[in-house]
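These are the residues of each chain, in order.
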Amino acid sequence: MKTRIALLLGLLFCGLFLTSTQAQTITGAWKGKIGSAHTELKLIKKGDSLLGTSYYYTSRSNYIRYAVKGYFDPNNNSVVWWDDAMLEDRLSGKIFGDDKEALLSVADFNCPGERTMRLDGESTKRDNKNKPKGTIALEKINSSGFHDEWDFVIENYIYGANDPEIIDSIARLHGVPNEVTEERETELASTTVKSVPKNDPSITVKAPPIVEKKKPTPATPSTAQQKYSTREKKLATVIPITGDSIELRFYDNAVVDGDSIAVFLNDRMVFEHVRLNNKPYTLTLPVSELGEDNEMVMVAENLGTIPPNTSLMVCIVDGKRYEARLESTENSSALIRFIKQKKKKSGSPF
């Protein structure tokens with residue numbers, strides 16, 4: 001009986017503690033294992049987003065380091081993060097059993113004891129959800145054994161270092177782009193695209209002499225399905241989904257140069273032959289028709305006049321706004337994962 005009361009009091013304390021200090025508690029250093037790899041993780045909360053670094057190591061001088069991006073939902077304490085870009089490779093040999101590939105992790109943020117905080121979940125290869133890499137077992141620690149530019153933010157988070165400008169300035173060191181604001185999207189959509197005049201009298205071009213050449217046999221054009229099947233898929237972002245529907249808006253992210261795309265959702269073509277410009281191509285997906293973990297792939301049907309094929313995708317989920325810059329080439333396609341969030345259990349202090 002006493003044990004049960006103590007447990008309930010511990011859970012109540014933890015629930016109140018988490019509710020009052022969500023940002024401070026998820027922000028910090030975490031240590032443990034992901035699969036077979038010894039791991040230290042630094043997470044910094046900025047709004048609903050997470051930034052930071054991950055270290056997979058065999059010793060303090062033998063490690064691989066990634067810039068991390070992710071999301072935290074305080075309503076159900078679910079955490080999603082992924083290795084976005086490799087920053088350092090000081091690792092000799094193998095660490096995940098067979099490779100050093102970047103990971104994507106989905107975990108629950110929980111508090112099993114008065115002063116104990118944990119991240120527990122599952123991890124897969126970042127670019128292939130069908131390649132599991134093991135369970136996540138991380139516990140929050142006072143300080144990391146690996147020192148980097150995020151230490152200042154973690155140590156001074158509640159004293160002003162949680163300022164978005166400070167966090168963004170460090171993220172830019174890792175090449176993490178700034179978010180596209182709603183104002184910037186409105187500006188993009190209102191831009192008038194000027195066509196190049198075809199008959200400008202000020203430009204004179206002398207035609208070369210005509211030389212007849214034997215016409216080559218035209219190659220059979222690849223279909224969007226063939227390009228989808230044969231090209232490497234690289235993760236661009238992960239978006240947590242809730243609510244009834246999600247709205248997707250696709251723009252050309254650079255000079256409007258004739259980029260054309262096809263999009264696949266869970267191996268099924270959603271649309272093809274869409275030419276991107278400054279006006280959004282909009283798609284709405286019912287959440288009820290999606291699985292727990294969904295893959296959307298943008299395939300470049302052509303590269304426009306200025307390769308590579310680049311687009312901006314804005315996603316509206318349950319009133320929240322997410323964005324991703326997508327890039328596709330002749331060898332790779334952009335991958336977005338939509339992961340359903342767990343509903344908060346009724347009666348739980350979390």
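Anything mentioned here points back to the structure above.
Please read these numbers as outputs of a predicted model, since none were measured by experiment. (Residues numbered from 1 in each chain as written. Predicted model: local features only at pLDDT ≥ 70, side-chain atom pairs only at ≥ 80, totals over all residues. Heavy atoms only, no water.)

Caption draft 1: Looking closely at the nonpolar core. In terms of nonpolar packing, the biggest core is built from 41 residues, with F250, M296, M313 and F338 touching the most fellow members. Not counting chain neighbours up to four residues away, the residues in contact with M313 comprise I239, L248, R249, F250, Y322, E323, A324, L326, I336 and F338. Of all hydrophobic cores here, the second largest spans 24 residues; its members include I26, L41, Y66 and W81. (Core = buried A, V, L, I, M, F, W, Y, C linked by side-chain atoms within 4.5 Å. Buried < 20%, exposed > 50% of the residue type's maximum accessible area, 1.4 Å probe, protein only. Contact = heavy atoms within 4.5 Å.)

Caption draft 2: Expanded view of the layout of surface pockets. The calculated volume of the second largest pocket comes to roughly 360 Å³. The wall of the second largest pocket is formed by 22 residues, among which D73, N76, I241, T242 and Q341 lie closest to the centre. Those elements that provide at least two residues to the lining of the second largest pocket are strand 4 (62–73), strand 5 (78–89), strand 9 (232–241) and strand 16 (320–328). For the lining of the second largest pocket, the element with the highest residue contribution is strand 4, accounting for three residues. When its residues are assigned to classes, the lining of the second largest pocket shows eight nonpolar, six polar and eight charged. (1 Å grid on protein atoms, 1.4 Å probe; cavity = no way out; pocket = protein on both sides within 12 Å on 5 of 7 lines; lining within 4 Å. Points joined across faces, edges and corners; volume = space filled by probe spheres on them. Helix = DSSP H or I, 4+ residues; strand = E, 2+ residues; numbered from the N terminus. Nonpolar A, V, L, I, M, F, W, Y, C, P; charged D, E, K, R; others polar.)

Caption draft 3: Geometry of the pattern of salt bridges. Following the criterion strictly, the structure yields 16 salt bridges and no others. Here K320 makes a salt bridge to D48, at a shortest N to O gap of 3.5 Å. With K320 in strand 16 and D48 in the loop between strand 2 (37–46) and strand 3 (49–59), the pair connects residues that are 272 residues apart, well separated along the chain. On the accessibility criterion, K320 (30% relative accessible area) is partly exposed. Linking E88 and R65 is a salt bridge whose minimum nitrogen-to-oxygen distance equals 3.5 Å. With E88 in strand 5 and R65 in strand 4, this residue pair connects regions lying 23 residues apart in the sequence. Here E88 and R65 have matching classes, each one buried. One salt-bridge network, held together by shared partners, links K42, R65, E88, R90, D148, E149 and D151. (Salt bridge = Lys/Arg side-chain N within 4 Å of Asp/Glu carboxyl O.)

Caption draft 4: Inspection of the sheet that holds strand 4 at higher detail. Reading around the circumference, 1-2-3-4-5-6-7-8 is the order of the eight strands in this closed barrel, with antiparallel pairing throughout. For this sheet, the mean angle separating the axes of adjacent strands, direction not counted, is 30°. Pairing of strand 6 (residues 103–113) with strand 7 (residues 116–125) involves nine bridges; the strand directions are antiparallel. Pairing of V106 across the sheet is with E122, part of strand 7. Of the strands in this sheet, strand 2 and strand 3 touch helix 4 (residues 164–173), which is tilted by about 140° from strand 2. (Pairing = 2+ DSSP bridges. Axes fitted to C-alpha atoms, helices over the stretch in contact; angles between N-to-C directions.)

Caption draft 5: Focus on unusual backbone geometry. The phi torsion at D267 lies on the positive side, around 75°, for a residue other than glycine. Position of D267 relative to the elements: it lies in the loop between strand 11 (260–265) and strand 12 (268–275). Judged by its relative accessible area of 58%, D267 falls in the exposed class. If you check the backbone angles, H273 has positive phi at about 60° while not being a glycine.

Caption draft 6: Highlighting helix 4. Within helix 4, burial applies to I167, D168, I170 and A171. End-on, the buried residues of helix 4 take up no more than an arc of 165°, which puts them together on one face. Structural note: helix 4 exposes E165 and L173 on the side pointing more than 90 degrees away from its buried face. Packed against the buried residues of helix 4 are strand 2, strand 3 and helix 3 (151–155). Where helix 4 begins, one side-chain oxygen reaches toward the backbone nitrogen of E165, 2.7 Å away; that side chain belongs to D163. Taken from the residues just after helix 4, G175 is the one with a positive phi, measuring 80°. (Arc of directions from axis to C-beta. Polar contact = N/O pair within 3.5 Å; in protein donor to acceptor, adjacent residues only side chain to side chain.)

Read these as layout, nothing more, since geometry by itself doesn't imply function.
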